[in-house]
Every structure is written in structure tokens, then in C-alpha cells.
Amino acid sequence: MCYAIPGRVAEVKDGVAVVDYFGEKRNVLCDFADVRKGEYVYAQGGVLISKIPEKEAVEILEAWKEKFFELKELDRTTSKIHENADASGNILQILQKVNRNQELGKKDALELLGTDDGEDIKLIMETANNVRQKDHDNACCVHGILEFSNYCTQDCMYCGIRKGSSVKRYRMTPEEIIDAARHASKELGFKALVLQSGEDPWYDDEKLERIVREVRRLDVLIFVSIGMRPKETYKRLYDAGARAALLRFETSNKDLFEKLRPGTKLEDRVQLIRDLNDMGYVVATGFLTGLPGETNEDLVNNILLTKELGADMYSFGPFIPTDGTPLQSESKPDVDRVLKATALARFMDRKSKILVTTALETVDKGAKKKGLMSGGNSLMINITPSKYRDLYRIYPGKAGNDKKTEENINDTIELLYSLGRAPTDLGL
Ligand code: SF4
């Protein structure tokens with residue numbers, strides 16, 4: 001099983017290496033290894049994570065070569081835009097702007113978001129997939145996510161593991177976390193791992209630092225997703241080897257934020273995301289789509305804020321009402337709304353990596369494919385040990401929880417191959 005293929009260093013300048021994958025070039029930061037032109041490396045999320053001996057790399061690349069070009073061709077075919085005479089004139093005009101690589105304004109974005117016409121939506125998605133192919137080719141990153149604690153000191157009204165929830169709690173010990181990461185890296189082949197938890201102070205700086213240091217020894221890119229922590233904690237984890245952080249701002253609407261996340265402030269969260277960026281983290285951020293009270297303007301503002309925050313990766317999934325929370329009787333958003341948001345993010349921030357979330361797949365079984373066909377180019381697979389998986393119940397019925405990790409991996413790889421996507425790094 002392979003989630004990354006090695007590339008050959010074509011050039012190194014000012015701490016950035018250009019990595020060549022069969023002629024496709026990606027820029028990566030080389031913090032972890034001193035590399036020279038001609039050496040072979042693995043990279044993830046725009047970060048060079050390890051060198052690989054030439055003999056081993058050449059063998060892997062030889063085995064991949066034919067498949068790589070086959071996938072590229074398939075992606076080119078599946079991302080073509082079909083003639084669509086039935087789409088509305090104003091939508092066609094805006095999409096022509098996209099095709100001319102012109103910047104879309106807020107008014108354009110609202111227009112695209114506002115259409116409910118099936119032909120319009122189909123064309124918006126096809127155009128987004130086409131833009132993704134032109135700008136990023138068929139690269140798609142697949143990260144593993146390990147949910148290591150469902151304790152949380154916060155009481156976000158939409159969340160199934162909020163402080164007030166009656167969910168059975170669990171915490172993985174540092175040893176369990178390191179072992180699960182080792183299994184994911186050595187047995188399952190993951191090169192990037194997201195370590196996620198509720199805001200759980202049981203993991204103090206010392207514990208977190210030790211976990212990050214040990215997991216980094218496995219030669220993986222570490223994303224930390226541990227919520228609001230002091231800047232100093234994140235700095236310490238960066239120094240220990242974490243290079244990516246996942247922290248959503250959830251909504252750019254200040255009133256909605258403060259209503260749904262009692263006792264917290266949007267400014268503080270946004271400031272922490274800016275700080276993470278300044279520290280050098282690869283930042284994954286975003287929002288929940290379809291929160292009760294969200295307007296179309298809010299959703300467009302969410303995309304604009306994600307862009308303004310310099311997100312390396314967009315992470316946004318649908319709000320899913322969860323029993324036992326104050327929002328349990330609210331409605332979940334229409335899948336098309338999330339897919340349109342994916343397409344808009346692709347149009348408004350063309351360099352972005354866009355994660356297709358498990359929450360989207362939970363709302364609609366076929367939505368993972370639809371998300372990848374609407375501009376998405378990144379996925380996560382849950383690697384949490386099965387005895388804990390159902391307890392990390394931020395929302396109910398999480399897709400894939402009823403299957404073994406290996407089965408989820410096989411399904412994902414099969415889907416990616418069917419669309420012509422390859423596990424090359426997306427670069428910076
Ligand atoms: S959304 Fe995050 S911070 Fe809020 S209650 Fe859930 S786990 Fe805690």
C-alpha cells in the first residue's frame with residue numbers, strides 16, 4: 001500500500017527543494033534533512049520528510065512508472081468540462097472568468113452559491129475539477145488521523161464530545177499513541193499523521209512534546225490538532241518535530257461563533273491561526289458549513305477568511321446535528337451546498353489543497369467522490385484503534401467507522417485510482 005511516492009531532488013535553494021516526480025515538479029521545505037540535487041526523498045504537505053536510498057527509490061519508481069502515466073491520462077479525461085448549453089447565462093459568464101484565470105469577487109461567489117439549478121451545479125463542479133487538474137495535476141494527498149482523546153474542556157454547541165456530553169470518555173496513553181502511529185507508518189504505509197483530540201489538558205506540554213518527538217522518529221509529517229493552546233505549546237511542538245497544525249476557525253461570523261462556542265472569542269482563535277502560520281507551521285484551517293443561522297454571505301466570508309489566513313489546506317465539512325447537543329434538532333445542510341463551497345474555494349484560492357472530509361461522506365455515501373470531483377484533492381483515513389473509534393463521536397454515524405482501517409484504505413485507493421489520482425506530494 002502506498003500513500004506517497006519518492007521524488008528526485010532537482011534543485012535546492014534557500015531551504016526549498018524542487019522535487020521531481022516523473023517530470024512533475026513540486027517545491028518542498030527541507031527542514032528535516034540536508035539534501036542535494038540527485039538525491040531521492042519523500043515529501044508530504046510541502047515538507048520533505050525523509051531521504052530514501054537511491055536503489056530503493058529507483059525500484060519503487062520503476063514499479064510505479066506505467067501506472068503513474070496511466071493515472072495522469074485518466075485524470076485528464078475525467079476532468080474535462082462537457083458542453084452545457086442549459087446552464088444559466090450569468091453562471092456561464094462567471095465560469096468563463098474562472099477559465100480565464102480572473103479573480104472572482106464576492107458578488108460572483110454569491111451568485112454561484114445561490115443557484116439551485118442542477119445543470120448550473122453540474123457545470124460549477126466540472127469547472128472546479130478542471131481547474132484542480134490544470135493547477136495541481138492528479139496529485140492527491142492521503143493522511144491518517146488518530147483521535148487520541150475525547151475529553152474536552154469546551155462546550156461547543158454542535159459537538160458530540162463537548163464538556164456537557166454524556167459520551168463515555170477515553171484517553172490514549174502516550175505509549176498507545178506512539179504504537180498506533182508506528183503501526184500506521186510501518187505497517188500501513190502512512191507518511192503524514194494528524195494527532196487529534198478535544199481540548200484535553202491531561203496532555204501537558206511535556207507529554208505532547210514526547211509524543212511528537214517519538215512519532216517524528218517514524219519519518220512522518222505530523223499535524224497537531226489539539227485546539228486552543230498557548231503559542232508557547234505550539235512552539236515547543238514545532239521544535240519537537242511537528243510541522244503542520246489543523247485548527248479551524250469554524251465560522252467567520254463573530255456573533256455565531258460566540259453563540260455556538262460559549263466563553264471563547266473568534267479573534268483569539270484567528271490570532272492563534274495567524275501565529276501558527278508565523279511559526280512556520282503548514283496550516284490547515286476552515287469552517288463548518290451549514291451551521292444553523294449561517295447565511296450565504298457567511299459562507300463566502302468563511303472562504304475569504306481561510307484564504308486570508310494563508311491556509312495551506314482548506315478543511316471544511318458539513319454541520320451534522322448530534323443527539324445530546326443543543327443543536328440536535330437542527331437540519332444538516334444540503335450536500336450540494338458543501339460541494340459548491342468546495343468549488344468556490346477552488347476558484348477563489350487556486351493554489352489551495354482542499355480536504356474532502358469524512359463528515360461530508362457521512363452525510364452522503366457518494367460524496368467523497370463528488371468532493372474530489374468538485375475541486376478537492378486531499379483525504380484523511382481514520383487510524384484510531386477500533387475500540388476508541390466510536391467514542392470520538394463529534395457527530396454520529398461517522399463514515400468508515402464500521403470498517404477495518406485496511407478496508408477503508410483499500411476503498412480509498414480504489415476510488416483514487418478510478419479517478420486517476422496519484423499519491424504524489426502537492427508541494428508548497
Ligand atoms: S469542537 Fe473541539 S473544542 Fe469544541 S467541544 Fe468539540 S472537541 Fe471541544
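About the thresholds
- Each residue is numbered by its place in its chain's sequence as written, counting from 1.
- Since the coordinates come from a predicted model, pLDDT governs what is reported: local features require at least 70, and pairs of side-chain atoms require 80 or more to be given and counted, while whole-chain, interface and lining totals use all residues.
- Based on all heavy atoms of the structure, the side-chain values leave hydrogens and waters out of the count.
- The rule is simple: take the accessible area with a 1.4 Å probe, protein chains only, and divide by the maximum for that residue type; under 20% is buried, over 50% is exposed, in between is partly exposed.
- Under the scheme used here, helices are H or I runs from DSSP no shorter than 4 residues and strands are E runs no shorter than 2 residues, and both carry numbers assigned from the N terminus.
- Pairing between strands is defined by DSSP: at least two bridges between them are needed.
- For helices, the axis comes from a line fit to the C-alpha atoms of the stretch in contact; other axes are also lines fit to C-alpha atoms, and the angle between any two N-to-C directions lies between 0 and 180 degrees.
- Between two residues, a contact is recorded if the distance between any of their heavy atoms is within 4.5 Å.
- By convention in these notes, a residue is near a molecule or strand provided one of its non-hydrogen atoms lies within 4 Å of it.
- Amino acids are sorted into nonpolar (Ala, Val, Leu, Ile, Met, Phe, Trp, Tyr, Cys and Pro), charged (Asp, Glu, Lys and Arg) and polar (every other residue, Gly among them).
- Comment on the angle field: the value is read as roughly parallel under 35 degrees, roughly antiparallel over 145, roughly perpendicular from 65 to 115, and oblique elsewhere.
- In what follows, salt bridge is the name for a side-chain nitrogen of Lys or Arg lying within 4 Å of a carboxyl oxygen of Asp or Glu.
- Among the buried residues, those of types Ala, Val, Leu, Ile, Met, Phe, Trp, Tyr and Cys that are joined through side-chain atoms within 4.5 Å form a nonpolar core.
- Multiplying one less than the number of residues by 1.5 Å gives the expected span of a helix.
- Regarding the arc, it is the one traced by the directions from the helix axis to the C-beta atoms.
- An automatic or database domain assignment supplies the residue ranges for each domain.
- Accessible area, probed at 1.4 Å, shrinks when two parts are joined; the buried area is that loss added up over both.
- A 3.5 Å cut-off defines polar contacts: any pair of N or O atoms within that distance qualifies, except that in protein one atom must be a possible hydrogen donor and the other a possible acceptor, and neighbouring residues in sequence count only when both atoms are side-chain atoms.

Turning our attention to the pairing of strand β7 (residues 192–197). Burial within β7 is extensive, with six of its six residues counted as buried. Here β7 shows no split at all, with Ala 192, Val 194 and Gln 196 on one side and Leu 193, Leu 195 and Ser 197 on the other all buried. Examined bridge by bridge, strand β6 (residues 141–149) and β7 share five bridges and lie parallel to one another. Directly across from Ile 145, in β7, lies its bridge partner Val 194.

We now examine the sheet that holds strand β8 (residues 221–225). Taken in spatial order, the eight strands line up as β6-β7-β8-β9-β10-β12-β14-β15 and close into a barrel, and their pairing is parallel. Between one strand axis and the next, the sheet turns through 25° on average, direction left out of account. The sheet contact formed by strand β14 (residues 353–356) and strand β15 (residues 378–382) spans two bridges and is parallel. The residue of β15 that forms the bridge with Leu 355 is Ser 378. The strands that helix α5 (residues 174–187) touches are β6 and β7; relative to β6, the one it contacts most, it runs at about 160°.

Phi at Phe 22 takes a positive value of approximately 50°, unusual for a residue other than glycine. Here Phe 22 shows up in the loop between β2 (16–21) and β3 (24–29). At Asp 219, a residue that is not glycine, the phi angle is positive and equals roughly 60°.

Before going further, it helps to examine the site of the ligand. Residues in close proximity to the ligand include Cys 152, Gln 154, Cys 156, Tyr 158, Cys 159, Ile 161, Arg 162, Gly 198, Glu 199 and Arg 261, which together make up its full environment. For the shell around the ligand, the residue count by class is five nonpolar, two polar and three charged.

Direction vectors running N to C along helix α1 (residues 54–78) and helix α15 (residues 405–419) enclose 65°, while the axes themselves pass 7 Å from each other. In terms of orientation, α1 and α15 fall into the roughly perpendicular class. The segment α1 lies against α15, with Trp 64, Lys 67, Leu 71, Leu 74, Asp 75 and Thr 78 engaging Tyr 417, Ser 418 and Leu 419. Its residues assigned to classes, the contact of α1 with α15 comprises five nonpolar, two polar and two charged.

Bringing the pattern of salt bridges into the picture now. Scanning the entire structure with this criterion turns up 35 salt bridges. Residue Glu 258 pairs with Lys 254 through a salt bridge whose shortest N-O separation is 2.8 Å. Highlighted residues: Glu 258 and Lys 254, both in helix α8 (residues 254–260), separated by four residues, approximately one helical turn. On the basis of relative accessible area, Glu 258 is assigned to the partly exposed category, the value being 26%. The residue Arg 393 makes a salt bridge to Asp 323 at a minimum N-O spacing of 2.9 Å. Here Asp 323 lies in the loop between β13 (317–318) and α11 (335–348) and Arg 393 lies in the loop between α14 (386–389) and α15, a separation of 70 residues in the sequence. Ionic contacts of the salt-bridge type, sharing partners, join the residues Glu 24, Arg 26, Lys 72 and Asp 137 into one network.

A general tendency of soluble globular proteins is for nonpolar side chains to be buried together. Counting residues in each nonpolar core, the largest one holds 106 residues, and the members touching the most others are Tyr 281 and Phe 347. If you tally residues by element for this core, the top one is α11, at nine residues. Ignoring any residue separated from it by four or fewer positions in sequence, one finds Tyr 281 in contact with Val 224, Tyr 234, Leu 237, Tyr 238, Ala 242, Arg 243, Ala 244, Ala 245, Leu 276 and Asp 312.

Turning our attention to helix α6 (residues 205–216). Between its first and last C-alpha, α6 extends 16 Å over twelve residues, near the 16 Å set by a 1.5 Å rise per residue. Every buried residue belonging to α6 is among Leu 208, Glu 209, Ile 211, Val 212, Val 215 and Arg 216, and all of these are buried. Seen end-on, α6 carries its buried residues on one side only, within an arc spanning 165°. Packed against the buried residues of α6 are β5 (47–52), β6, α5, β7, β8 and α7 (231–240).

Structurally, the protein chain comprises domain 1 (7–78), domain 2 (89–131) and domain 3 (135–419). Computed over C-alpha atoms, the centres of domain 1 and domain 3 are 26 Å apart. Tallying the contact residues gives 18 residues for domain 1 and 21 residues for domain 3. Both faces combined, the contact of domain 1 with domain 3 buries some 1,800 Å², and carbon together with sulfur accounts for 56% of it. By the criterion of area lost to domain 3, the three top residues of domain 1 are Phe 32, Gln 44 and Ile 49, representing 30% of everything that side buries. Across the domain 1-domain 3 interface, the total number found is two salt bridges. The shortest N-O distance in the salt bridge between Lys 72 and Asp 137 comes to 2.9 Å. Seen at the junction of domain 1 and domain 3, the total is six residue pairs in polar contact (both at pLDDT 80 or more). Sorting the residues of the side of domain 1 that touches domain 3 by element identifies β3, β4 (40–44), β5 and α1 as the ones contributing at least two each.

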